[in-house]
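# Observations on chain architecture
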Amino acid sequence: MADTEAPPTPMDDTEPVRIEHPVVEFLRMYLRNWAAIAGFLMFMAIVFAALFAPALLQRDPFEMVWMPFSPPGKDGYLLGTDNLGRDLLIAVIYGARATLAVGASAAGITIFIGITIGSLAGYYRGWVDEVLMRITEFFQVLPPLLLAMVLVSLFSPTLPTVAIAIGVVSWTGVARLARAEFMRIRELEFVKAARSIGSRDRRIIWRVILPNALPPLIVNAALTVGVAILFEAALSFLGLSDPNVMSWGKLIGDNRDYLLDAPWTVTMPGVAIFLTVLSVSLIGDGLNDAFNPRLRER
Amino acid sequence: MSSAPNLNADADNLLEVSGLKVHFPLPRKNLMTPGGTVHAVDGINYNVRRGSTFGIVGESGSGKTTAALAAMRLVPITAGSIRLDGTEMTTLEGDALRAMRRKIQIVFQDPYSSLNPRMRAGAIVREPMDLMDVGSPDERDRRVAELFRRVGLRPEQVALFPHQFSGGQRQRIGVARALATQPELIVCDEPVSALDVAIQAQILNLLRELQRDFGLTYLFISHDLGVVQYICDDIAVMYLGEIVEQSDRISLFSTPLHPYTWALISAVPSARHRKGEEDNRVRLQGDPPSPIDPPPGCHFAPRCPFAEDRCHREKPSLREVKAGHLVSCHLVGEDCVPPHVKTAAA
Ligand SMILES: Nc1ncnc2c1ncn2[C@@H]1O[C@H](COP(=O)(O)OP(=O)(O)O)[C@@H](O)[C@H]1O
Ligand code: SF4
Ligand SMILES: [Mg+2]
């Protein structure tokens, strides 16, 4: 180097330079949305129940503990009992585990297939895009619930099968979103810069473009968890889920004939589904705000 | 490497471009109508002398960026030859191309989209060395700090993310990244166009200092004649994918020969206030015609105040009318008197 002395600091600091770590900035933006905070706390409570309640309570959710159709609050059963005399409070708490497990893994599968298909289509364009988009359209026009029912009936009705079936029928939206983001970002100069310093396609797709495409995909993933939970409920309502595992959809399915006489048997697990889907939507909303650069400037 | 050395090459030229064409096919409008072709760069020749700055100037859309990206093999090349340091670049692929990329780097126009927002500034400058295996890992860290200092940033700033810098500072990071692999040629695609005037001067001075200290060669793209006059040794004027005039800086600015160059120069504020030039100033009217399937004849004819019948029919070719000064205009004769001067004298 010609001059050993460091030149003075640049004089072009005309714009104020904010020094805030992106994670700090993200948290600040997320925490401005009180509904998103409520959603997060609610979701954490549900996750806590799913993870720890069975070990803490040591109960059998299938056990007949009292006479059937005891209304909520009576005889010491906070949520009442169902058609088989099972304690609905215990059943709902235990059901969280299967419901969340299926919801989360189905969302994971959805995101994985969607991002893989969408990013390859958006990056390579041309015939790769043509082929992948025709496949996507094919999956899009199939009625998802029917397809999931067929898949589950073809294989065994276990939780993994249900999760895979839900994932296979719901990835198309994520694929389209990922494709659009890849098409947009691949034209930005930092992608050309990456190529000019010798990055290969694989690096550009996964290390350069994907991290920049993630924010809307993460928002979408949060919403996908909600959709997957509803799907799981629908399948177990139709009796297409593991009969040996307690889940909210199964509770509703088992009690559907008593909806008018003992409405709480259906509404209690229904409320649990509603609150869970609501909490993940609120989280998705909060993430959207936190990732949205235009809101950030305010 | 794979190609034989070019025996005709002038050892003084670091970059030799000849017959370069970059055409983009447009998507078909429907099944019956083909989409047409954008002739973004349509057969250009130029040589860049080692250690000099070669400028390409022209209006937006004239194909400057495409010409710059082509020199770096960042767009598909339709035809022509690009020799960097005697090596034919157009036929290189894979690892051989990646190896050549060490020698030619680029500073982009937009400091806001040219840095990956998810990477820290230090990682951005270090990445080229990691990918091209320059030095040992320890040396790379030291070199990042050294580069930061050299471009006028503080080494502590390596940990920041791009959005935490101002536009000018971001462009300095872009310059540091381009310097990381110790390239011989740096392509500067409008490196100051997006910046405030005061900051433009700082970045231009930085580029000049770096050229002096490291013996760099620049291919410098700009739409701003003032900037080009300040920094370039040789200049090519581009219009609709073609070079219409080319010469050294002194000759181009003292005796512009092509009516388009003349119009561009008379639009520069410093030249405008020179006495006696008010009357014969050429005003550019209308937008440049589209580079999609351009018409025959001189591409500038629809906007040229001196256009004759012949201009619309016959395409002028770029020829040397005096030592080192090339122009493509029917009306510049052996006497080297450009049409705007003839008109003024009449
Ligand atoms: N990838 C592309 N596909 C189609 N047309 C393009 C592409 N890149 C540039 N063009 C067109 O080529 C012409 C020259 O563009 P460009 O090289 O960016 O000009 P400049 O840098 O001088 O403004 C423009 O008409 C532009 O629309
Ligand atoms: S050839 Fe004719 S139209 Fe073209 S620049 Fe010269 S005078 Fe103008
Ligand atoms: Mg440009």
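Procedures and definitions
- Residues numbered from 1 in each chain as written.
- Chains lettered and ligands numbered in written order.
- Predicted model: local features only at pLDDT ≥ 70, side-chain atom pairs only at ≥ 80, totals over all residues.
- Heavy atoms only, no water.
- Helix = DSSP H or I, 4+ residues; strand = E, 2+ residues; numbered from the N terminus.
- Contact = heavy atoms within 4.5 Å.
- Areas by Shrake-Rupley, 256 points an atom, 1.4 Å probe, with all protein chains shown as cover.
- Near = heavy atom within 4 Å.
- Nonpolar A, V, L, I, M, F, W, Y, C, P; charged D, E, K, R; others polar.
- Polar contact = N/O pair within 3.5 Å; in protein donor to acceptor, adjacent residues only side chain to side chain.
- Pairing = 2+ DSSP bridges.
- Axes fitted to C-alpha atoms, helices over the stretch in contact; angles between N-to-C directions.
- Core = buried A, V, L, I, M, F, W, Y, C linked by side-chain atoms within 4.5 Å.
- Buried < 20%, exposed > 50% of the residue type's maximum accessible area, 1.4 Å probe, protein only.
- Buried area = accessible area lost by both parts, 1.4 Å probe.
- Salt bridge = Lys/Arg side-chain N within 4 Å of Asp/Glu carboxyl O.
- Patch = residues over 30% accessible without salt bridge, like charges linked within 9 Å, V, L, I, M, F, W, Y side chains within 5 Å.
- Parallel < 35°, antiparallel > 145°, perpendicular 65-115°, else oblique.
- Left-handed = near helix turned anticlockwise from the far one by under 90°.
- pLDDT = per-residue confidence, 0-100.

## Details of the overall build of chain A
- Counting secondary structure elements, chain A contains 12 helices and 0 strands.
- Each helix (α) and strand (β) of chain A, taken in turn from the N terminus, gives the series α-α-α-α-α-α-α-α-α-α-α-α.
- Within chain A, contacts between residues at least 6 apart in sequence are counted, and of these 72% link residues at least 24 apart.
- Surface accessibility of chain A: about 14,800 Å² in total, with carbon and sulfur atoms responsible for 69%.

## Examining the site of ligand 2
- Surveying the vicinity of ligand 2 reveals the residues His258, Pro259, Cys298, Phe300, Ala301, Cys304, Ala307, Cys311, Cys329, His330 and Leu331 of chain B.
- For the shell around ligand 2, the residue count by class is 9 nonpolar, 2 polar and no charged.

## Some remarks on the side chain of Ser199 of chain A
- Locating Ser199 of chain A in the fold gives a position in the loop between helix H8 (189-196) and helix H9 (201-237).
- One polar contact links the side chain of Ser199 of chain A to the main-chain carbonyl oxygen of Ala194 of chain A, over a distance of 2.7 Å.
- Each residue touching Ser199 of chain A, except ones within four places of it in the same chain, is listed here: Ala194 and Ile204 of chain A together with Leu131 of chain B.

## So, the sheet that holds strand E1 (residues 13-25) of chain B
All names here are of chain B.
- If you walk across this open sheet you meet the 4 strands as E2-E1-E4-E5, and the pairing is antiparallel. Since the sheet does not close on itself, it has two edges, and those belong to strand E2 (37-49) and strand E5 (87-88), each with one partner.
- Pairing between E1 and E2: 10 bridges, direction antiparallel. The residue bridging Leu20 from the neighbouring strand is Ile44, located in E2.

## Things to note about the sheet that holds strand E3 (residues 53-57) of chain B
All names here are of chain B.
- Strand order in the open sheet made by the 8 strands is E6-E7-E8-E3-E9-E10-E12-E11, with mixed pairing throughout. Strand pairing shows two members of the sheet lacking a second neighbour, strand E6 (104-107) and strand E11 (319-322), which therefore form its edges. Recorded for the sheet is a direction-independent mean angle of 25° between the axes of neighbouring strands.
- Packed on one face of the sheet, helix H9 (residues 259-266) meets strand E9 (234-239) and strand E10 (242-248) and runs near 105° to E9.

## Quick word on the nonpolar core
Residue and element names in this part refer to chain B.
- Ranked by internal contacts, the top residues of the largest apolar core, which has 64 residues, are Ile173, Val175, Leu179, Ile186, Leu207 and Phe220.
- Per element, the largest residue contribution to this core is 6 residues, and it comes from helix H6 (residues 197-214).
- Sequence-distant contacts of Ile173, defined by excluding residues within four places in its chain, comprise Leu115, Ala121, Ile124, Val125, Leu153 and Phe165.
- Judged by nonpolar contacts, the second largest core, of 36 residues, contains Val22, Ala68, Met72 and Met100.

## Some words on the interface of chain A and chain B
- Taken together, the contact pairs 36 residues of chain A with 45 residues of chain B.
- For the pair chain A and chain B, the two sides together bury roughly 3,500 Å², of which 58% comes from carbon and sulfur.
- Counting the contacts that link chain A with chain B gives 2 salt bridges.
- Across the chain A-chain B interface, the total number found is 7 residue pairs in polar contact (both at pLDDT 80 or more).
- For the side of chain A that touches chain B, the residue count by class is 16 nonpolar, 7 polar and 13 charged.

## Section: a nonpolar patch on the surface
- A cluster of nonpolar side chains, Phe48, Leu51, Phe52, Leu56 and Leu57 of chain A, forms an exposed patch at the surface whose accessible area comes to about 510 Å².
- Structurally, the position occupied by Leu51 of chain A is in helix H2 (residues 34-57).

## Examining the site of ligand 1
All names here are of chain B.
- Around ligand 1, the structure places Phe24, Val38, Ala40, Glu59, Ser60, Gly61, Ser62, Gly63, Lys64, Thr65, Thr66 and Pro291.
- The backbone of Gly61 places a nitrogen or oxygen atom 2.6 Å from an oxygen atom of ligand 1.
- At 3.1 Å, a backbone N or O of Gly63 approaches an oxygen atom of ligand 1.
- Taken by itself ligand 1 offers 560 Å² of open surface, and the protein chains cover 63% of this.
- Examining the composition of the shell around ligand 1, we find that 3 residues originate from one element, helix H1 (residues 64-71), more than from any other.
- Among the residues forming the shell around ligand 1, the class breakdown is 4 nonpolar, 6 polar and 2 charged.

## Quick word on the side chain of Asn83 of chain A
- Examined against the element boundaries, Asn83 of chain A turns out to sit in the loop between H2 and helix H3 (88-124).
- If sequence neighbours within four positions are ignored, Asn83 of chain A has contacts with Pro68, Phe69, Asp254, Asn255 and Tyr258 of chain A.

## Notes on the environment of Leu284 of chain B
All names here are of chain B.
- Note on placement: Leu284 falls in the loop between helix H10 (269-272) and helix H11 (309-313).
- Assessed through its relative accessible area of 29%, Leu284 is described here as partly exposed.
- Placed 21 residues apart in sequence, Leu284 and Ala263 show a C-alpha to C-alpha distance of 6.5 Å.
- Contacts of Leu284, omitting those with residues within four sequence positions, involve Glu59, Tyr260, Ala263, Phe300 and Arg303.

## As for the packing of helix H3 (residues 121-131) of chain B against helix H5 (residues 167-179) of chain B
All names here are of chain B.
- Following both chains from N to C, one finds H3 and H5 inclined at 25°, their axes separated by 7 Å at the closest point. With respect to their mutual orientation, H3 and H5 come out roughly parallel. Crossing geometry of H3 relative to H5 is assigned as right-handed. In contact with Ala121, Ile124, Val125 and Pro128 of H3, H5 contributes Ile173, Ala176 and Arg177.
- When the residues that make up the contact of H3 with H5 are grouped by side-chain class, the tally is 6 nonpolar, no polar and 1 charged.

## Things to note about the packing of helix H5 (residues 144-154) of chain A against H9 of chain A
All names here are of chain A.
- It is the contact of H5 with H9, at a shortest axis distance of 11 Å, that shows an interaxial angle of 60°. Taken together, H5 and H9 sit at an angle that is classed as oblique. Two packed elements cross with a definite hand, and for H5 against H9 that hand is right-handed. Residue-level contacts link Pro144, Leu145, Ala148, Met149 and Val152 of H5 to Phe231, Ala234 and Leu235 of H9.
- Considered class by class, the residues forming the contact of H5 with H9 number 8 nonpolar, no polar and no charged.

## Observations regarding the confidence of the model for chain A
Residue and element names in this part refer to chain A.
- Averaged over chain A, the pLDDT score is 85; the fraction of residues at 70 or greater is 91%.
- For chain A, the element scoring lowest by mean pLDDT is helix H12 (residues 293-296), at 53; helix H7 (residues 172-185) scores highest, at 96.
- Note on residues 1-16: pLDDT under 50 across the span, and 27 contacts to partners over four residues away in sequence or across chains.

## Remarks on helix H10 (residues 248-255) of chain A
- Extensive coverage of H10 of chain A is indicated by the burial of 7 of its 8 residues.
- Looking only at H10 of chain A, the buried set comprises Trp248, Gly249, Lys250, Leu251, Ile252, Gly253 and Asn255 of chain A.

## Digging into the environment of Asp189 of chain B
Residues and elements named next belong to chain B.
- Along the polypeptide, Asp189 turns up in strand E7 (residues 185-189).
- Accessibility expressed as a relative area gives 2% for Asp189, which makes it buried.
- Separated by 57 residues in the primary sequence, Asp189 and Met132 have C-alpha atoms spaced 23 Å apart.
- Non-local contacts of Asp189, meaning those with residues more than four positions away in its chain, are made with Thr65, Val107, Phe108, Gln109 and Ile221.
- Looking at Asp189, its side chain comes within polar contact range of the side chain of Thr65, at 3.0 Å.

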